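A closer look at the structure
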4 protein chains.
Amino acid sequence: MPASSRFTVAVFGAAGYAGSLAARLLYNHPSFDLRWVTARSDVGRRISDVYPQHRVPMVMEEADIDRHGDVDAAIVAYPHGASAPFVAQLRARGVKVVDLSADFRLRDVETYEEWYRPHPEPELIANAVYGLPELYRDQIIGAELVANPGCYPTATILALAPLARAGAIADVVVDAKSGVSGAGRAATDQTHFVTVDENVHAYGVPRHRHTPEIEQELAVLGNETMITFTPHLLPLDQGELVSCYVTLADPTVSTGELESLYHDAYDGEQFIELVREPAGVRAVRETNICRISLHRDERTGRAIVFGAIDNLWKGTASEAVQNLNLMFGLPEGAGIGA
Amino acid sequence: MPASSRFTVAVFGAAGYAGSLAARLLYNHPSFDLRWVTARSDVGRRISDVYPQHRVPMVMEEADIDRHGDVDAAIVAYPHGASAPFVAQLRARGVKVVDLSADFRLRDVETYEEWYRPHPEPELIANAVYGLPELYRDQIIGAELVANPGCYPTATILALAPLARAGAIADVVVDAKSGVSGAGRAATDQTHFVTVDENVHAYGVPRHRHTPEIEQELAVLGNETMITFTPHLLPLDQGELVSCYVTLADPTVSTGELESLYHDAYDGEQFIELVREPAGVRAVRETNICRISLHRDERTGRAIVFGAIDNLWKGTASEAVQNLNLMFGLPEGAGIGA
Amino acid sequence: MPASSRFTVAVFGAAGYAGSLAARLLYNHPSFDLRWVTARSDVGRRISDVYPQHRVPMVMEEADIDRHGDVDAAIVAYPHGASAPFVAQLRARGVKVVDLSADFRLRDVETYEEWYRPHPEPELIANAVYGLPELYRDQIIGAELVANPGCYPTATILALAPLARAGAIADVVVDAKSGVSGAGRAATDQTHFVTVDENVHAYGVPRHRHTPEIEQELAVLGNETMITFTPHLLPLDQGELVSCYVTLADPTVSTGELESLYHDAYDGEQFIELVREPAGVRAVRETNICRISLHRDERTGRAIVFGAIDNLWKGTASEAVQNLNLMFGLPEGAGIGA
Amino acid sequence: MPASSRFTVAVFGAAGYAGSLAARLLYNHPSFDLRWVTARSDVGRRISDVYPQHRVPMVMEEADIDRHGDVDAAIVAYPHGASAPFVAQLRARGVKVVDLSADFRLRDVETYEEWYRPHPEPELIANAVYGLPELYRDQIIGAELVANPGCYPTATILALAPLARAGAIADVVVDAKSGVSGAGRAATDQTHFVTVDENVHAYGVPRHRHTPEIEQELAVLGNETMITFTPHLLPLDQGELVSCYVTLADPTVSTGELESLYHDAYDGEQFIELVREPAGVRAVRETNICRISLHRDERTGRAIVFGAIDNLWKGTASEAVQNLNLMFGLPEGAGIGA
C-alpha cells in the first residue's frame, strides 16, 4: 500500500466504554488518523481524563455534523434509535460508517420495531451489511455502512455458525454470561460494585433483545430455528461467555464430523481459536479473539459449544475496527493486535 | 422439649470448608454439644487457627473411632469412597450419621460404580435416606443414616421438583454456576486467585458426577428424563446458581398452572423463597435458603427456573444440620438461622 | 430481666446500607420491637425489596415525627447536617437516640464547622456521648443521645487507644483501606463495578473528615497528637483495615510492655480480638468484632498496629445496636451475635 | 538501525508469571528473536498451554547451558540463590543477562546475607547494574549484567527518587498494596481464591526483604534514611500501589518546590506519568508505566506520594525488556508498548 493511504476517522459517542475504546484503537492505528471525538456527557474533557488507561488526550466535543462530517470514516456509538438519523446524515456526506447500535442489524423492519421502537430510517437498512467479518468478509469489503453486531450475537453466532451452515441445529439453549462493562458506563443500582460483587443472576428474562439478531443470522446461514437466550451478569469487568446447548437435527452425526465443520470454517481465521478445553474469558481479555470449544454429551446426544470473547473488544470496539480495516482495504488485523 | 434433650455430636473431617462450617454451626447449636472435631491435615490446630471467621476454638484430632465414636450423632465430611467404611463403623456403634460424601446418595450401586468407583459398603445404601428435607422430611425424621445431597443437586432438584412431581419435564438443560469454595480448600492452579479472577469457564464437560444424582431424584419424583448438566466456575467465594431450561411435556400448560405447582410445593417452607425477579446468589449468602424464580419463554414455550443457594450452607453444611435437627426431633431450623 | 422489658424502636433513614442493616438487626433483636422504618428514596417499598438479604418485610415510610416519634429509641441514619435538627425533635419527645451522622461526634463546634458546615443544633452537642462502647461504656449506659463513631475512627481509635492512654504516641500515620460499601449506596462513577474492580487508590487526600474525630479521641484518652490519615478504596464490599504506623514517644519501651497495654485494655472485651498475625478483614466480616494485632519494627523502633472491622457492622450498624443495648440496660451483645 | 540488528534471547524460568510474560514480550519484540524458553515445572508444555493469554506456542525445555547458552541475551527468572550460579555460567559465555532475582540487587554482600542467605557468587555483584532505567540509564546502556529491581522497590524508588536526590526525606513510611500475582504462581492457602477474596491484610511484618533494597537506593541517590515498609495483599490480580508518607527534612519547603523536583526528574520520561489525582493501579494495568502523584498534608507538613505500577509489567517483565533494549542500543520502549 502506498504511504499516502491514510484515512481520516471520527468517533461519535466517545464517552462510553465502547466508543472510548474505539477511539483508543484508532488513535494508535497505523492507517487511520483520528480527527474528532464527540460526546454528549463529558464535553470538553479529554478521553484520558475519563479513561486514563486509554491514553487518548483528545478533547471530546459536542457533535456537529458540519464540523465533524469531513472524514473518510466514522464509528457511531449512539443509543438505539438515536443512531440511525445521525448515520443517515453521515452517509449523505459520503462518510463510511460502522454503527455500533442495533439500528441496522435487523434486516426486517417489523422485527426491529417489535423488539425496539419505530425505526427512523428504514430505507437505509437495505444498504447495511452485518459486520461479522468471519462470516461476511466479502460483503464488508465493499460496504459503506456496516452494522456492528451486538456482543452476545458476536459470540453466539461465531460459536454456532459452523453448525448452522450445515443445518445441524434442531434446537438451542444459549446461556450467556457477561462482565459488567457490557451494561455500559451508566452508574445504577445494578452496576454498583456492592450489588454485583459476590453475585450472579440472570436478567432480561425471558425476552432479551439480542434474540432476534441471533435467530436472523442463524437463518441467513441456513438454519431456521428459535433460540432460548438468557444472559447473566457476573462479577468481572470485561468478558463474555456463551454456553450453547444444541439439540442436533441428526443425533447420529459423529463428533468428528462436527469438529470438521469447525475446522473447515475457522482454521484460517486469525481471530478464532478452536480449543479442546472449555473456553474461558480470561484467555481473550483485551483481544479481538473469539475462543471456541466444541463438546459432545454422548448420553443426551447434545453438542455443547462454548464461545468466549471480550465484550468490549471482539464484542464491540475492536470488531468495529476490524470492519473498518476491511472497508478500507487495510490488513484485517491492523491496529487490533495482529 | 425438656432441658435434658441435648445430644452429643462429632464432625469428622473438620479441616475442609464444609466440615469446618458444620462444626461452627454445631458449636453454636442450642441442642447439640460438639464434642469432637477430627481432621487429616491440620491435626493439633484449632479450627479457629485455620478459619478465624468460624470462632471455634476446638482442636482437631486424628480420627479414632474408639475415642470419638461415643456420640449420639456425627457429620462425616470425607472424600467419596473413604466415607462409606467409616460410616459403617459409626453405624455399628449406633451413631446417627449425616454423610456429606456421594457414597450413599445413589440408590443403585451400579450407577455409583459407573460414575465413581467400587463401592466399599453397598449393603448400607438401602438404609440411607436422601437428605433433602423439603422433599423427604418424613423419611429423614426416622432415619439413622442420611446422605446429604450434593450442592448442585440441592439447588437443581429443589428448582425442578414441582415440575418433576407433575411429570412436566420432557427435557432439561441445567447450566450451573458456582463460586470457588465449591471446589474445596485444596490449593491448585484451578483455585489460585489469579486463575479465577476475571474469568469464567465450564468444567467437568460433558460428564459431571452430579448428573446421575439429579436424574435419580427426578425419577423418584415421577419424571424419568436425561438431563444435560454443565457447571461453571465463577469469581466469587460462596454461591451457586442453577439456570434450568425446561422443555415441557405439555407445551400448552399455562404459566399460572406452573406457578401453582411451585406455590403448592413450597409456600409453607421456611427455607424456600419464591421470587419474581431472577434469583441471585447474593441474597442467600450465608443462609440455609434456596431462592427460586420461575419464568416462561412464550416464544419457545420453555419454562426457565433459577435456583440460588449458598453452596457451603444450604448446599452442604447447614443442610446437614437441618437433617440432624429432623433426625433428633428438634425444630428444623435450630442453629441455622430460623 | 422481666418479660415486659421490651422497647420500641424506629430506624430513620433505612434505605441506605447502614440504616437497612440496623433495621435488620433490630427486626431480629430479642428485646427491641422495630416499629417504624423511614426513608427518603424508596418510600413505599419494603426493605427486603431493596435488600433481599436482610429479610425485613417492613415498608419504608416518609418520616413523620408525629407518627413515628412514639418510640423508646431511634437510630438516625441521615446525612451530616440533616441529622441534627431531626435528632433535636426526637430528643424533645424523650426518644433516646443513636445518631449515625457526624453531627454530634465532634465536641468542639468550631472544629465541626471547619471540617463540615454550620452546625444546626450546637447546644445538643454537650449532651451527646461518643459511642465507642469499649472506651466509654459507663457514659453510654446513662446516655440519651449517643454519637455513633465513624467507621474509620472506630477501627483507628480501638487500634490506638491502649497506646494513647499511656501517652505513648509521638506521631502516627494511619493508612486506611475500605471496601466499597463504605462509600454508601449512591451509584456514581466511583462506585461503578468497572471503576473499582482491579483497582486501588487513595481518596480524600490530604484532608479526610475523619481526621479531627480521631485526633479528638486520642486527646481525650490523653495523647494530643496530629495524625496523617489517608483512606483507600478497595475492590471488596465490606471490610475496613487501618494500618497504624506509630512513632513512639519513648522508643526504648519494650514490645512486651506495649503488648501488656493491649491485654490490659481488651482482654475482657467480647468484641475485641487480639491476634498475633496481621489482622485481616475477612475474619470479621458480618460481625461486631474489631481484630487487632500489634507488631514492632525493631529497626526503626516503630510500633505497627492493624485494626480490622466490618465497616457496616462494627463500623456502623452493629455498633449502634451495641450502644442501644447499653443505653437500655440490655446485655451488650444482644442481637449482634454474642 | 540496519535490518541485520537482531539479537537472540532466551528466557530461563519461563513457567512463572514473570518469566512467561517476559517470554511473551520478547516473542513479539521487533528486534529480539526468542530462541529458548526453559522451566523446571511444565517441561515439555508450551507456554500457551499454561498461559493461553500469552499466545507463545514455544515448548519449555529443561535448562541446559550447553544447548541454551548460545544466545546474545538472557532473562533469568530463578529463585533467589538459585539464580546467581546460573547467571555466572551465562556470563562466562558472554551472554548479557537481566536477572529478575534479588541476587545482584544489593551491592553489599553482608546486607544480602543478612536478609537472604549465603551469596553463591559474591564477586559478580560489582559488575551488576541496578536496572531502574529512569535513574540509571547511562550505566544500563553499557551493562552486561543488570539486576532487575523488585516490584515494590520499582514503585517506591520511582515515587521517592526526586525527594531523595534533594535529600528531602527525614523519615518515610511506605504502605504498599499488591495484587496476588505478586505472590507468584505457587498454589497455596495464601493464594487460594477463597482466602484472598473479600480480604485485605498485611504480610511480611515487620521485616520485608524489599526494605534494604529501597534503603540502598535512597542512599545512592543521596538520602540515607531508614524506611518502614509494609506490604498488603489485595483481591486483585495485577497492580501495585505504594503510599509513601514522607516527613520532610525541611518542613518549610513549599509544595511548589516539591512539585518542581518531580517535573525536573520525570517530565521527559515516556514511562512516568505525573498526575494530580491520587494514582490508581487500574490506569497502568498491562503497561510499563509508573503513575505518580504528589500531595501535601498542610496540617502535618508531610508529603504524601503515591506510585502505581503493574507489578508484572513495570514491576518485573516489561522493565526487564526495557533494560534489554537499553543494553542492546534499541529504542527504550521497543516491544513494551511505546
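Quick note: structure is the one above.
Residues numbered from 1 in each chain as written. Chains lettered and ligands numbered in written order. Predicted model: local features only at pLDDT ≥ 70, side-chain atom pairs only at ≥ 80, totals over all residues. Heavy atoms only, no water.

1. Here's the deal with helix α11 (residues 313-327) of chain C
Residue and element names in this part refer to chain C. Note the threshold: Put simply, DSSP marks the helices as runs of H or I at least four residues long and the strands as runs of E at least two long, and each gets a number from the N terminus on. To estimate the expected span of a helix, count its residues, drop one, and scale the result by 1.5 Å. We define the bend at any residue as the angle between the axes fitted to the seven residues before and including it, ending there, and the seven starting there. Each residue gets one of three labels from its accessible area relative to the maximum for its type: buried under 20%, exposed over 50%, partly exposed in between, using a 1.4 Å probe on protein chains only.
Here α11 spans only 18 Å end to end across 15 residues, well under the 21 Å set by a 1.5 Å rise per residue. The largest bend along α11 reaches roughly 45° and is located at Glu-319. Most of α11 sits inside the fold, with 15 of its 15 residues counted as buried.

2. Some remarks on the packing of aromatic side chains
Rule in force here: When the centres of two rings from Phe, Tyr and Trp lie within 6.5 Å, Trp using its six-membered ring, the rings pair. Their planes under 30 degrees apart give stacked, over 60 give edge-to-face, and anything left gives tilted. In this scheme, Lys NZ or Arg CZ marks a charge over a ring once it lies within 6 Å of the ring centre and within 35 degrees of the ring normal.
Counted by the stated rule, this structure contains 42 aromatic pairs over all chains. Here the aromatic rings of Phe-193 of chain B and Phe-193 of chain D are separated by 5.1 Å at their centres, their planes lie at 10°, and the arrangement is stacked. Note that Phe-193 of chain B is positioned in helix α8 (residues 193-196) and Phe-193 of chain D in helix α8 (residues 193-196), a pairing that runs across two chains. Just as Phe-193 of chain B is buried, Phe-193 of chain D falls in that class too. Measuring from centroid to centroid gives 6.0 Å for Phe-7 of chain C and Phe-32 of chain C, while their planes differ by 50°, and the two rings are tilted. With Phe-7 of chain C in strand β1 (residues 7-12) and Phe-32 of chain C in strand β2 (residues 32-38), the pair connects residues that are 25 residues apart, well separated along the chain. On the accessibility criterion, Phe-7 of chain C (19% relative accessible area) is buried. Exposure remark for Phe-32 of chain C: the relative accessible area of 1% places this residue in the buried category. What links up through ring pairs into an aromatic cluster is the set Phe-7, Phe-32 and Phe-328 of chain A. The positively charged end of Lys-96 of chain A is found above the aromatic ring belonging to Phe-328 of chain A, 4.8 Å away from the centroid.

3. Considering helix α7 (residues 151-165) of chain D
All names here are of chain D. Along its 15 residues, α7 runs 21 Å from first to last C-alpha, staying within 8% of the 21 Å computed at 1.5 Å per residue. Maximum bend of α7: about 40°, positioned at Ala-159, with proline Pro-162 one to four residues after it. Of all 15 residues making up α7, 14 are buried, and the element is well covered by its neighbours. Once α7 finishes, Gly-167 follows within two positions and takes phi at roughly 60°, a positive value.

4. Quick word on the relation of the copies chain A and chain B
Each of the two copies of the chain can be brought onto the other by a rotation about an axis and a shift along it. This is how it is decided: Superposing copies: least-squares fit, C-alpha atoms only, residues required to have pLDDT of at least 70 in both. Residue contacts follow a heavy-atom distance rule, with two residues in contact if any of their heavy atoms lie within 4.5 Å.
With an axial shift of 0.0 Å and an RMSD of 0.0 Å, the rotation relating chain A to chain B amounts to 180°. Those values place the two copies in the arrangement expected of a two-fold rotation axis. A share of 100% of the interface residues of chain A reappears at the interface of chain B, consistent with the copies meeting face to face through the same patch.

5. Some thoughts on the relation of the copies chain A and chain C
Take chain A, turn it by 180°, move it 0.0 Å along the axis, and it overlays chain C with an RMSD of 0.0 Å. Both copies present the same face, since 100% of the interface residues in chain A are matched by interface residues at the equivalent positions in chain C.

6. Side note on the interface of chain A and chain B
Quick reminder of the rule: Simply put, the buried area is the total loss of 1.4 Å probe accessible area from both parts when two parts are fitted together. We define a salt bridge as a side-chain nitrogen of Lys or Arg found within 4 Å of a carboxyl oxygen belonging to Asp or Glu.
Across the contact, 46 residues belong to chain A and 46 residues belong to chain B. Of the roughly 3,800 Å² buried between chain A and chain B on both sides combined, carbon and sulfur atoms contribute 58%. The largest contributions to the chain A side of the interface with chain B come from Glu-198, Arg-282 and Arg-299 of chain A, which together make up 20% of the buried area. Between Glu-215 of chain A and Arg-299 of chain B there is a salt bridge, with the nearest N and O atoms lying 2.4 Å from each other. Looking at the side of chain A that touches chain B, the elements that each hand over two or more residues are β7 (169-178), α8 (193-196), β8 (201-202), α9 (210-220), β9 (227-233), β10 (240-248), β12 (290-296) and β13 (303-309) of chain A. Top contributing element to the side of chain A that touches chain B by residue count: β7 of chain A, with five residues.

7. Here's the deal with the pairing of β1 of chain C
All names here are of chain C. Quick note on the threshold: Should DSSP find at least two bridges between two strands, the strands are regarded as paired. Clockwise travel from the first strand over the helix to the second, with the strands pointing away from the viewer, marks a crossover as right-handed.
Most of β1 is tucked away: six of the six residues are buried. Taking every second residue as pointing to the same face, both faces of β1 are buried, with Phe-7, Val-9 and Val-11 on one and Thr-8, Ala-10 and Phe-12 on the other. As paired strands, β1 and β2 are joined by six bridges and run parallel to one another. The residue bridging Phe-7 from the neighbouring strand is Phe-32, located in β2. Tracing the backbone out of β1, into helix α1 (residues 17-27) and back to the parallel element β2 gives a crossover that is right-handed. Across four bridges, β1 lies against strand β3 (residues 73-76) in parallel orientation. By the bridge assignment, Ala-10 is partnered in β3 with Ala-74.

8. Observations concerning the sheet that holds strand β5 (residues 129-130) of chain C
All names here are of chain C. With parallel pairing, six strands are arranged side by side in an open sheet as β2-β1-β3-β4-β6-β5. Unpaired on one side and paired on the other, β2 and β5 mark the two borders of the sheet. One ladder, built from four bridges, connects β3 with strand β4 (residues 96-99); its direction is parallel. Looking at β4, one finds that Val-76 is bridged to Asp-99.

9. Digging into the environment of Leu-312 of chain B
One can find Leu-312 of chain B in the loop between β13 (303-309) and α11 (313-327). Aside from chain neighbours lying at most four places away, what touches Leu-312 of chain B is Tyr-17, Ala-18, Leu-21, Ser-181, Gln-238, Ala-317 and Ser-318 of chain B.

10. A few points about the interface of chain A and chain C
To keep it simple, the criterion reads: Definition of a polar contact: a pair of N or O atoms within 3.5 Å, with one able to donate and the other able to accept a hydrogen when the atoms are protein atoms, and with sequence-neighbouring residues admitted only if both atoms are side-chain atoms. All residues other than Ala, Val, Leu, Ile, Met, Phe, Trp, Tyr, Cys, Pro, Asp, Glu, Lys and Arg, Gly among them, are scored as polar; the first ten of these are nonpolar and the last four charged.
Every contact between the two is made by 18 residues of chain A and, on the other side, 18 residues of chain C. Roughly 1,500 Å² of surface becomes buried between chain A and chain C when both sides are summed, with 62% attributable to carbon and sulfur atoms. Summed over the three residues of chain A that lose the most area to chain C, namely His-192, Phe-193 and Val-194 of chain A, the buried surface amounts to 41% of that side. One salt bridge in this structure joins Arg-185 of chain C and Asp-189 of chain A, with 3.4 Å as the shortest N-O distance. Our count for the chain A to chain C interface comes out at eight residue pairs in polar contact (both at pLDDT 80 or more). Tallied by class, residues from the side of chain A that touches chain C come to nine nonpolar, five polar and four charged.

11. With respect to the pairing of β3 of chain C
In β3 of chain C, alternate side chains face the same way, and those of Ala-73 and Ile-75 of chain C on one face and Ala-74 and Val-76 of chain C on the other are all buried. In this region the chain leaves β3 of chain C, passes through helix α4 (residues 83-92) of chain C and returns to the parallel neighbour β4 of chain C; the handedness of that crossover is right-handed.

12. Observations concerning unusual backbone geometry
A cis geometry characterises the amide bond from Val-205 of chain C onward to Pro-206 of chain C, with omega recorded as -5°. With respect to the secondary-structure elements, Pro-206 of chain C resides in the loop between β8 (201-202) and α9 (210-220). Here Arg-55 of chain A, not a glycine, exhibits a phi torsion of approximately 55°, which is positive. For Arg-55 of chain A, the position within the fold is in the loop between α2 (47-50) and α3 (65-68). Here Arg-55 of chain A falls in the partly exposed class, since its relative accessible area comes to 22%. One non-glycine residue, Glu-286 of chain C, adopts positive backbone phi at about 55°. Within the secondary structure layout, Glu-286 of chain C lies in the loop between β11 (272-275) and β12 (290-296).

13. What to know about the pattern of salt bridges
Tallied over the full model, the rule gives 100 salt bridges over all chains. In this structure, Glu-144 of chain C engages Arg-91 of chain C in a salt bridge whose closest nitrogen and oxygen atoms are separated by 2.7 Å. Within this pair, whereas Glu-144 of chain C is found in the loop between α6 (133-141) and β6 (145-147), its partner Arg-91 of chain C is found in helix α4, the two being separated by 53 residues in sequence. One continuous salt-bridge network, built from bridges that share partners, spans Asp-42, Arg-45 and Arg-185 of chain A together with Asp-189 of chain C.

14. What to know about the sheet that holds strand β8 (residues 201-202) of chain D
Residue and element names in this part refer to chain D. Note the cut-off: Lines fitted to the C-alpha atoms define the axes, with helices restricted to the stretch that makes contact. Angles between their N-to-C directions range from 0 to 180 degrees.
One open sheet accounts for seven strands, arranged β8-β9-β7-β10-β13-β12-β11; its pairing is mixed. Unpaired on one side and paired on the other, β8 and β11 (272-275) mark the two borders of the sheet. Of the strand pairs in this sheet, strand β7 (residues 169-178) and strand β10 (residues 240-248) are connected by nine bridges, and their pairing is antiparallel. For Asp-171, the partnering residue across the bridge sits in β10 and is Thr-247. Helix α10 (residues 255-266) rests against β10, β11, β12 (290-296) and β13 (303-309) of the sheet, and its axis sits at about 165° to β12.

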